[in-house]
Amino acid sequence: MPRKKAADRVGPVKTRSRGGCKECRTSRVRCDRQKPVCSRCREKGLACSTQLVLKWESEFVSRGLAFGRAGVWSKSSPAAGARTKSSPDSLFLDDREWCPLPTVEYWGFVNSGVSTFERPDQVNVACDELNAVVLRGRDGFDYDSARGLHGGRAINIVSSTSGLQGLPDPMASLSMFPQLAERSQGHLFDYYLQQVCPRTTASSKLSSPFASIILPFCLSASPTLFNAIQALGACHWSRFDSTYSVVGLRLKSEALRGLSTRLATEGSLRCSADPEVLVIMMMLCLYEIVDNCDQRWTVHLKGAKDLIRLRRQQQTALSKTNGAQDPVSGFAELFFAFQDVMGRTACGEEVLFGSDYWHEHERTIDLWMGCSPELVSILSSITELSRTRRQLTSFSARSAFSHRAASLGRQLETLVQEIDNPEDTMLHSAAELKRLAAMLYLHCALYGASPTTPLVASYVRNILRLVSDLLDSGCLVSMTWPVFVAAVELNPLHDEVWSDSADGTAVYGRPLVLHALAAMAESSVSNIARTRAVIVKVWQARDADMLIRSPVDTSDCNDWEWYIAPVSSAMSLA
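Values in this document were obtained by computation on a predicted structure and should not be read as measured data. Sequence order sets the numbering: in each chain, residues are counted from 1 along the sequence as written. Totals for whole chains, interfaces and linings use all residues, but because this is a predicted model, local features are given only for residues with pLDDT of at least 70 and pairs of side-chain atoms are given and counted only at 80 or more. Side-chain numbers come from the whole structure's heavy atoms, not from hydrogens or water.

What am I meant to see in the overall build of the protein chain here?
Comment: elements are numbered from the N terminus, with helices defined as DSSP H or I runs of at least four residues and strands as E runs of at least two. Summing up its helical and strand segments, the protein chain has 25 helices and four strands in all. Here the protein chain, with 574 residues, has 46% of them falling under the buried criterion. Contacts are assigned to residue pairs that have any heavy atoms within 4.5 Å of one another. Of the contacts formed within the protein chain by residues at least 6 apart in sequence, a portion of 69% connects residues at least 24 apart. With an accessible surface of roughly 30100 Å², the protein chain has 53% of that area assigned to carbon and sulfur atoms. Exposure categories follow from relative accessible area, calculated using a 1.4 Å probe and restricted to protein chains: below 20% of the type maximum is buried, above 50% is exposed, and the middle band is partly exposed. With residues, only the protein chains shown are counted as cover, and all accessible areas are computed by Shrake-Rupley using a 1.4 Å probe.

Structure below.
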C-alpha cells in the first residue's frame, strides 16, 4: 500500500518525542514517556533512562560519520532527505591542526562549592582536601609519584602493604629499651627515629634534635613518655596505613592519662621542674598537629606555657638563672615558643611566649627552626607591631610605628644567617627562604601591601623560585611557612610568575604552590592538608571579590587582616 502524501494526511503530524527514554530513541520508536518506566521498557524489561547522552563531533568525524544533521540532508534539494556522501567538514580534516592539551595533574583543581559562600570564614579540611595532597597508590604509598615530586630522591617510607614485615627487626636497634620489647611496640619507636625525626630538619648533614636530644633522655624515661612518642609515630604512620590511627589513638589516651595523673598527684609546681613533662606535652602537641591541626594542639601549647612560667619563677627564686639550662628543657621551650611565633604570623592573635625566649643577635641557624633566632625575634616583633597598627591615634604614635617598622625592615635586609657547616647548603637555603618570606610578611602586615603591589609580586616571585629549586634538589622540610606566605599573596589576575629561560614555558603561581604542597605532604611533620585548605580559602575569597569588584577598605584593616587572619586560627606553620 503506497504511503499517503503529506497533503492527504488527516490530523496532526506525529513526530518523535524529544523527551523519550534512551531505549526508545535508540530503537527509533515513539516513547509514551510514562514515569517512572515507559510502557515499552516495562513490557520488555528494559532499564528506562532519560539521562542526557553527550556526543562529541571529533568522535563522529574520526569514525567517518556525520555529526547531527548539519550538511547531511537538505529539504531544498531535488531528492529531499537524500544523504550527501560526506559532510563539508570532512574535506578539511587533513588541514586541521589540533592544539596539544596540557597535562592535568590531580592537584590542579581548586573548586568552590556552596559552603564557600555560605560559610566564608570557616575552613573545613574535608577528605577530598586531604586526599589531594597525600600521595597514595592502590596499595598504599605511591613511590613513583613521590620520586618524581621529590626531584628524583626517593624517601625511605615503609610500605603500608608490608605491615611490620617491611621493617627490620626493631628490637635489634633498641636493645637499650627493654621495656619496649615487653609491650611489642618497639616498631613504632623505631619508626619515630627513622621516619619522623628526619622530617623535622632541613639539614642534610646533622641529626635532628628530636633524635640527638630526646633519644639519650629516653634512657631514664617513664612509660608515659614512650607512649607519647609511639603515639606520634603511629599517627604519622597512619598517613600511609590507616590501621595505625586506632593504635595511635589508644597510645595517646594512655599518655594523656599518665600525664594528667602526674599533674594531679604531684602538682604543677613539681611537674614544672621535671623536663620529661614538657617532652610528653611536646609529643602530644605534635600528635595533634599531624592528626587534625585544630584547636587541640594549642591546649598543649598553653599548658606548656604555664609550666615553663612556673619553672622560670622557681629558678629565679632559687637564684639559678645564671646556671646552664639542661638541653632537654631548652629544646622543649624553643619548640613551643617557635610554634607560637609562626602560628601567630597568620592569625595575629595575642602572644603567649614573649621575646625572652630568643637571643636577638644570635644569627646561627637552628636545626629545628630552620633559621636563626634573630629572624624569629624579628618575626615576633612584626606580629606584635601589627597588632598596634589600628590603635595609633596620635602623630607621635604613628611616627614611632613608622620608625620601628623601618628598623625591622633594615634588620631583615642586612641579616646574614650563619651556619656551622658551610657544606649544608639545604639548611642555608631554607633559612634564606624564611628571610625572604619575612620581608614579604613585613610589607603586608605593617605597610598594607597587597598582591597588586609591585614589591609584593617581586618577593613572591623570588620565594617561589627558591621553592622550585629546593623541590628539584629534594629538600622538602622547613618550607611550610614561606610557601604559605607567598601563596596567600599571589595576584589572581597575574598568576604567571616567570618564564623558563630554556624553553620559554610559563610558570604559574597556583599550580606551583599546589605542586609544592603535594610534594611536602608526606615529607614533613606539618599538617599540609590544613595549610592547603587555608590557602585555597584565601584564593577563593580573592577570586570572589575580583568578580564583584569589591576593594578592601585599608583604613580599617589591611589586605593581610582582611583575607588571611580570619581563616588562619590555630594554624601550625613551624
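What's the story with a nonpolar patch on the surface in this structure? I'm lost.
Here, patches come from residues exposed beyond 30% relative accessible area and free of salt bridges, joined within 9 Å for like charges and within 5 Å for nonpolar side chains (Val, Leu, Ile, Met, Phe, Trp, Tyr). Salt-bridge detection follows one rule: a side-chain nitrogen of Lys or Arg within 4 Å of a carboxyl oxygen of Asp or Glu. Taken together, the side chains of Leu 52, Leu 54 and Trp 56 make up a nonpolar region of the molecular surface, amounting to roughly 420 Å² of accessible area. Inspection of the secondary structure assignment puts Trp 56 in the loop between α2 (39–44) and α3 (57–62). Residue classification places Trp 56 among the exposed residues on the basis of a relative accessible area of 54%.

Explanation requested: the packing of helix α15 (residues 275–291) against helix α16 (residues 296–317) in the structure shown.
Relative orientation and spacing of two packed helices are given, respectively, by the angle between their axes and the distance between those axes. In this analysis an axis means a line fitted to C-alpha atoms, helices contributing only their contacting stretch, and an angle means the value between N-to-C directions, from 0 to 180 degrees. Contact pair α15 / α16: the axes reach a minimum separation of 8 Å and the direction vectors enclose 160°. The angle between α15 and α16 places the two elements in the roughly antiparallel class. Crossing handedness for the pair α15 and α16: left-handed. On the side of α15, the interface is formed by Val 277, Leu 278, Met 281, Leu 284, Cys 285, Glu 288, Ile 289 and Asp 291, while α16 contributes Arg 296, Trp 297, His 300, Gly 303, Ala 304, Leu 307 and Ile 308. Oblique is the label for any angle not covered by the other classes, which are roughly parallel (under 35 degrees), roughly antiparallel (over 145) and roughly perpendicular (65 to 115). Should the near helix be turned counterclockwise from the far one by less than a right angle, the crossing is left-handed, whereas a clockwise turn marks it as right-handed.

Which parts of the structure should I look at to understand the pattern of salt bridges?
A side chain with one charge can pair with a side chain of the opposite charge if their charged atoms come near. All chains considered together, the criterion is met by 18 salt bridges. Between Arg 312 and Glu 333 there is a salt bridge; the shortest N-O distance is 3.0 Å. Taken as a pair, Arg 312 in helix α16 and Glu 333 in helix α17 (residues 327–347) lie far apart in primary sequence, 21 residues in all. The class of Glu 333 is buried, set by a relative accessible area of 3%. Taking the shortest distance from any N to any O, the salt bridge between Arg 542 and Asp 559 comes out at 2.7 Å. Here the residue Arg 542 occupies a position in helix α24 (residues 528–548), and Asp 559 occupies one in helix α25 (residues 559–564), the gap between them amounting to 17 residues. The buried category is assigned to Arg 542, whose relative accessible area is 6%.

Teacher, can you tell me more about the side chain of Asp 424 here?
Considering the arrangement of structural elements, one finds Asp 424 in the loop between α19 (395–414) and α20 (425–446). Within this scheme the basic residues Lys and Arg register as positive and the acidic residues Asp and Glu register as negative, but His and the chain ends are omitted. No salt bridge forms around the buried Asp 424; measuring N to O, its nearest opposite-charge neighbour Lys 205 is 6.7 Å away. Within polar-contact distance, the side chain of Asp 424 engages the backbone nitrogen of Ser 204 at 3.3 Å. Apart from residues lying up to four places away in sequence, Asp 424 is in contact with Ser 203, Ser 204, Lys 205 and Ile 419. Polar contacts, as counted here, are pairs of nitrogen or oxygen atoms within 3.5 Å of one another; within protein the pair requires one atom able to donate a hydrogen and one able to accept it, and residues that are adjacent in sequence qualify only if both atoms are side-chain atoms.

Would you mind showing me how to read the nonpolar core here?
Soluble globular proteins tend to pack their nonpolar side chains together in the buried interior. We define a nonpolar core as any set of buried Ala, Val, Leu, Ile, Met, Phe, Trp, Tyr and Cys residues linked to one another through side-chain atoms lying within 4.5 Å. If you look at the biggest cluster of nonpolar residues, it comprises 137 residues, and the most contacted ones within it are Phe 210, Met 283, Phe 336 and Phe 484. With 15 residues, α20 is the largest single contributor of residues to this core. Once you skip the residues sitting within four places of it in the chain, Phe 336 turns out to touch Leu 278, Met 281, Met 282, Cys 285, His 300, Leu 301, Ala 304 and Phe 353. Core analysis: the second largest hydrophobic core is formed by five residues, Cys 21, Cys 24, Cys 31 and Cys 41 among them.

Quick question: what am I supposed to make of the environment of Leu 412 here?
The residue Leu 412 is located in helix α19 in this model. For Leu 412 and Met 439, which are 27 residues apart along the polypeptide, the C-alpha to C-alpha distance reads 6.7 Å. Apart from the residues lying within four places of it in its own chain, the contact partners of Leu 412 are Leu 375, Ile 378, Ile 382, Arg 435, Ala 438, Met 439 and Leu 442.

Where do I start with the packing of helix α12 (residues 223–237) against helix α13 (residues 244–266) in this structure?
It is the contact of α12 with α13, at a shortest axis distance of 8 Å, that shows an interaxial angle of 155°. The orientation of α12 with respect to α13, classified from their angle, is roughly antiparallel. Pair α12 / α13 crosses with left-handed handedness. Residues Thr 224, Asn 227, Ala 228, Gln 230, Ala 231, Ala 234 and Trp 237 of α12 pack against Tyr 244, Val 247, Gly 248, Leu 251, Lys 252, Glu 254, Ala 255, Gly 258 and Leu 259 of α13. Amino acids are sorted into nonpolar (Ala, Val, Leu, Ile, Met, Phe, Trp, Tyr, Cys and Pro), charged (Asp, Glu, Lys and Arg) and polar (every other residue, Gly among them). When the residues that make up the contact of α12 with α13 are grouped by side-chain class, the tally is nine nonpolar, five polar and two charged.

Would you mind going over the pairing of strand β3 (residues 496–499) with me for this structure?
Each regular strand displays side chains that alternate between the two surfaces of the sheet. Relative to strand β4 (residues 506–508), β3 runs antiparallel, the two sharing three bridges. Of the residues in β4, the one forming a bridge with Trp 498 is Val 507. Here a strand pair is declared whenever DSSP counts at least two bridges between the two strands.

How do you make sense of unusual backbone geometry when you look at a structure like this?
Peptide bonds are mostly trans, and most non-glycine residues show a negative phi. For the bond from Lys 35 to Pro 36, the omega torsion is 0°, close enough to zero to count as cis. Positive phi, normally seen in glycine, also occurs at Ser 478, with a value near 70°. For Ser 478, the position within the fold is in the loop between α21 (454–473) and α22 (480–488).

Explain α12 here, please?
At 3.6 residues per turn, the α-helix brings residues three or four places apart onto the same side. In this model α12 runs 21 Å from its N-terminal to its C-terminal C-alpha over 15 residues, within 8% of the 21 Å that 1.5 Å per residue would give. Counting buried positions along α12 gives 14 out of 15 residues, so the element sits mostly inside the fold. Expected helix span is given by 1.5 Å per residue-to-residue step, counting one fewer step than there are residues.

It is not clear to me how the packing of aromatic side chains should be interpreted in this structure. Could you clarify?
Given two aromatic rings, one states the distance between the centres and the angle between the planes to describe the pair. Any two rings among Phe, Tyr and Trp, with Trp reduced to its six-membered ring, count as a pair given centres within 6.5 Å; such a pair is stacked if its planes are under 30 degrees apart, edge-to-face if over 60, and tilted if neither. The final tally for this structure, using the stated rule, is 13 aromatic pairs. Between the aromatic rings of Phe 210 and Phe 335, the centroid separation amounts to 6.1 Å while the plane-to-plane angle is 85°, which identifies the pairing as edge-to-face. One end of the pair, Phe 210, is in helix α10 (residues 209–212); the other, Phe 335, is in helix α17, and 125 residues separate them in sequence. Phe 335 sits in the buried class, given a relative accessible area of 0%. Above the face of the Tyr 357 ring, Arg 312 is positioned so that its terminal group lies 4.2 Å from the ring centre. The cationic tip of Arg 542 hangs over the ring face of Tyr 563; the distance from NZ or CZ to the ring centre is 4.4 Å. Charge-over-ring placement is defined geometrically: NZ (Lys) or CZ (Arg) within 6 Å of the ring centre, and within 35 degrees of the ring normal.

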